[in-house]
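# Overview (structure and organization)
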Amino acid sequence: MSTDTPGSQSSLHRANLERVLRAVRMAGSLTQAEIARGTGLSAATVSNIVRELKESGTVVVADTSSGGRRARSVSLSGDAGIVVGVDFGHTHLRVAVGNLAHRVLAEESEPLDVDVSAQQGFDRAERMVERLLGQAGFPADKVIGVGLGVPGPIDVETGALGSTAILPGWTGVMPGRELSGRLGMPVHVDNDANLGALGELVWGAGRGLGDLAYIKVASGVGSGLVINGQIYRGPGGTAGEIGHITLDEAGPVCRCGNRGCLETFVGSRYLLNLLNANHPGELSLSRVVQLAQQGDLGCRRVIADAGRQIGMGVATLCNLLNPRRVILGGDLAEAGELVLSPIRDSVARYAIPSAARQLSVVPGTLGGRAEVLGALALVMSEMGETGVL
Ligand SMILES: [Zn+2]
């Protein structure tokens, strides 16, 4: 804990140090010029801080080139600490162990039954974290923190999982407290869409951008909003619930209690219902995408219609927030242009032209890993100057 007087030389120095550390932590590696641009600090201040951090073993500096000129790249030292990501999805549990230099050291995914109880789920997560730490060769006391992703909204005040969570038996569970108690490590929780946004921002299709929206279309539909390089959650933690934008007042009743939400047109269970009559047997969203890519006309039509409807939601988002990029994640993103092109058509039709012009709509590059990598990034983004959560 700092006892510096606010505004004193030493507190200013600490604040600058933290700005540099945060910039490097979130980017993985930056040249000194990039640090200066990103933090607004002078080249001389950055140079002094980097020297100090290098001497203390916090960062490593390597020669590189930037735009054809020699430059020095700064990254966090690989043994500066270990972060763990845990992602509970509708049908999977995925765990990753990484270091602050953005290297993923171990990662595994297991299928998870949607009816699994919260206790069984956390039992399995605990065992996986212990196993992967063993594989990575680090003891538990090297772990700075755990990022935990859950498929539903988290109440900001209580930390409880909200009632619209996709895992039915988990409503009211306190996932952060539960996992932290088992592992004896600090745990930071967020919903899957926010983590997908963080994952793509730090490792994927959103690298280097300050403003983007990640839209996850799977069983449910959610979005994670990045504004000025930070996830925007809103005071109640429910920002980004794009799946519950009303498209048709008289439409189907949604799990949220309203009618005609975007999710009731594009969530996987609704899409699969449209195809059941013509495709007997067990269909999944990824199978529908595969059939569409093989030319199945019904599957292509269902995906194209979903794209148009997602595009209406994206157009609203675009008018309100003017993001530079919208990144599509979840199983439907695997359809590529079959879904992206109708999204772009809808954006062109419904968004104001100036907002639509600056927007690119692209698929995520991390696929099913976006959330677990975002969970690692969550720990990095929540670390304070002392390097703890
Ligand atoms: Zn709804």
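Owing to the predicted nature of the structure, the values given are computational and were not obtained by experimental measurement. (Residues numbered from 1 in each chain as written. Predicted model: local features only at pLDDT ≥ 70, side-chain atom pairs only at ≥ 80, totals over all residues. Heavy atoms only, no water.)

At this site the zinc ion is bound by H244 (ND1), C254 (SG), C256 (SG) and C261 (SG), with donor distances of 2.0 to 2.4 Å. Around the zinc ion, the four donor atoms sit at angles spanning 104 to 122°, and that spread fits a shape best called tetrahedral. Taken in chain order, the donor set of the zinc ion reads H-x9-C-x1-C-x4-C. Given the relative accessible area of 5%, C254 is considered buried. (Donors = N, O, S within 2.8 Å, 3.2 Å for Na, K, Ca; no water. Tetrahedral: all angles 85-135°; square planar, octahedral: opposite > 155°, others 65-115°. Buried < 20%, exposed > 50% of the residue type's maximum accessible area, 1.4 Å probe, protein only.)

Domain parsing of the chain yields domain 1 (9–76), domain 2 (82–197 + 370–382) and domain 3 (205–365). Spacing between the C-alpha centres of domain 1 and domain 3 amounts to 38 Å. (Domains from an automatic or database assignment.)

This next bit is on the environment of D305. Tracing the sequence through the fold places D305 in helix α10 (residues 297–321). Residues D305 and E34, 271 residues apart in the sequence, show an inter-C-alpha distance of 42 Å. (Helix = DSSP H or I, 4+ residues; strand = E, 2+ residues; numbered from the N terminus.)

Look at α10 against helix α11 (residues 337–350): their axes get within 7 Å of each other, and the N-to-C directions meet at 40°. With respect to α11, the axis of α10 lies oblique. Both α10 and α11 take part in a crossing whose hand is right-handed. Of α11, the residues touching α10 (which contributes R300, I303, A304, G307, R308, I310, G311, M312, V314, A315 and N319) are L338, V339, P342, I343, S346, V347 and Y350. When its residues are assigned to classes, the contact of α10 with α11 shows 12 nonpolar, four polar and two charged. (Axes fitted to C-alpha atoms, helices over the stretch in contact; angles between N-to-C directions. Parallel < 35°, antiparallel > 145°, perpendicular 65-115°, else oblique. Left-handed = near helix turned anticlockwise from the far one by under 90°. Contact = heavy atoms within 4.5 Å. Nonpolar A, V, L, I, M, F, W, Y, C, P; charged D, E, K, R; others polar.)

The next subject is the packing of aromatic side chains. Taken as a whole and judged by the stated rule, the model has three aromatic pairs. When the ring of F122 is compared with that of W170, the centres are 5.4 Å apart and the planes differ by 40°; the resulting orientation is tilted. Note that F122 is positioned in helix α4 (residues 118–136) and W170 in the loop between β7 (143–150) and α5 (175–183), a separation of 48 residues in sequence. Both residues of the pair, F122 and W170, belong to the buried class. By way of ring pairs, the aromatic residues F88, F122 and W170 are connected into one cluster. (Phe/Tyr/Trp six-rings, centres within 6.5 Å; stacked < 30°, edge-to-face > 60°.)

Attention now moves to the nonpolar core. Within the largest apolar cluster, 45 residues are counted, with the highest numbers of intra-cluster contacts made by I35, L198 and W203. Mapped onto this core, the elements with two or more residues apiece are α1 (9–27), α2 (32–39), α3 (43–55), β2 (59–66), β3 (69–76), α6 (192–203), β9 (212–217) and α13 (370–382). For I35, the residues in contact, after removing those within four places along its chain, are V20, V24, L30, G40, V46, V50 and V74. Core analysis: the next-biggest nonpolar cluster, separate from the first, contains 40 residues, L285, V289, L328 and L332 among them. (Core = buried A, V, L, I, M, F, W, Y, C linked by side-chain atoms within 4.5 Å.)

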